[in-house]
Amino acid sequence: MNKLSLPRLLLLAGTLLAVILLAMNWDTRQTSHPSQPASLGKPVSMAAMEASLESPGNIAFTMQVSADWQVPLSGLLNLNSDEAKAAGLVDKDEPIEVYLYEFIHPTHGRFFIDTGVAKALLDNPADFGVGSLLHSAFGFEKLKLRRSSGELAAGAPIAGILLTHLHLDHISGLPELAKDIPIYTGTQEAHSHGVLNLFTRKVADTLLAGRPALNEWRFDEQGVIDIFGDASVFALKVPGHTEGSSAYVLNTRNGPVLIVGDTSHTAWGWQHGVEPGDFTQNQPLNRQSLLALKALNERQPQMQVYLGHQRL
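Residues numbered from 1 in each chain as written. Predicted model: local features only at pLDDT ≥ 70, side-chain atom pairs only at ≥ 80, totals over all residues. Heavy atoms only, no water.

K.L.:
Which residues make up the side chain of Ser149, and what values go with them?
P.N.:
With respect to the element layout, Ser149 can be found in helix α7 (residues 149-153). You can call Ser149 buried: its relative accessible area is 0%. In this structure the side chain of Ser149 is engaged in a polar contact, spanning 2.7 Å, whose partner is the backbone oxygen of Gly173. Residues within four places of Ser149 in sequence aside, it is in contact with Ser66, Thr115, Val117, Ala118, Gly173, Glu176 and Leu177. (Helix = DSSP H or I, 4+ residues; strand = E, 2+ residues; numbered from the N terminus. Buried < 20%, exposed > 50% of the residue type's maximum accessible area, 1.4 Å probe, protein only. Polar contact = N/O pair within 3.5 Å; in protein donor to acceptor, adjacent residues only side chain to side chain. Contact = heavy atoms within 4.5 Å.)

K.L.:
Hey, could you go over the UniProt feature "domain: Metallo-beta-lactamase" (unreviewed entry) in the protein for me, with residue numbers and the actual values?
P.N.:
When the UniProt feature table is mapped onto this chain numbering, "domain: Metallo-beta-lactamase" (unreviewed entry) sits at residues 97-309. Along residues 97-309, the helical share is 26% and the strand share 25%, with 5 Å between the first and last C-alpha atoms. (UniProt positions renumbered as here; feature names shortened; annotations may be inferred.)

K.L.:
Break down helix α11 (residues 283-299) for me, citing the residues and quoting the values.
P.N.:
With 17 residues, α11 ought to run about 24 Å at 1.5 Å a step, and its terminal C-alpha atoms sit 24 Å apart, in line with that. Residues of α11 that are buried in the fold lie against α2 (46-51), β11 (233-237), β12 (246-252), β13 (255-261), α10 (267-272) and β14 (304-307). Two to three positions downstream of the cap, the backbone nitrogen of Leu285 sits 3.0 Å from a side-chain oxygen, assigning the N-cap of α11 to Asn282. (Expected span 1.5 Å × (residues − 1).)

This is the structure in structure tokens:
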């Protein structure tokens, strides 16, 4: 069987199965791991956040490439969009990268955004719930490690992990990160329902086992959280790819940084305002969040943008 077609076949089968399971009140959440409202952070307005970006901040920031990968373009990009059709884009293996972002706050310490990839998971995937079918369907054999999460975590303790979302390629570094590190997610991210969760929930549960409850950002209608209350790091509500997807704005020593997460996987998708494909949960809502982030970048052209899996 062509491996490019396997994720789509799983998605179709999962959709049919999800209808049956939901009708039977079965659980199709991303994870059964507990969650709680985060005590960290306070809601602010978008205008207040943008005003604070007028001068460089005090955050030290580093982007790390943890692994290289190839996955179907149809998962990364909505090939049925008018823009993709006009460009003549077709499905193929697309090179991507798996990132781990690190920042250091002068008083609160060292934080990760997403987790990279753990060597332990690649060496022994079955130990973390990645069976042979899932391994093949998601092309884990094409995942090539550059620097493991354990290697990247060496040094000072990590005070917290801020997740863009809970998909496996964003939490796959957890096996090599200390289990007592607080983890922060968007509202309803852990317990949102989706088709792909039928195949990945066991892995998410295994990776989160033994860790504290997930801390969910407490967004108001503005959708912006000032994480430390000092206008240095912000969480943004960007639902669509998953229900609780979050983006992050950091006011670094070199100016503002926008970490998009999988609201846009690819450089082409960001440049043309086209949302992800099969890998996204709600494409119309994802598109709205993507266009809102692009509008933010247009208002703040000095902002450096970091996408989910490719570099601009």
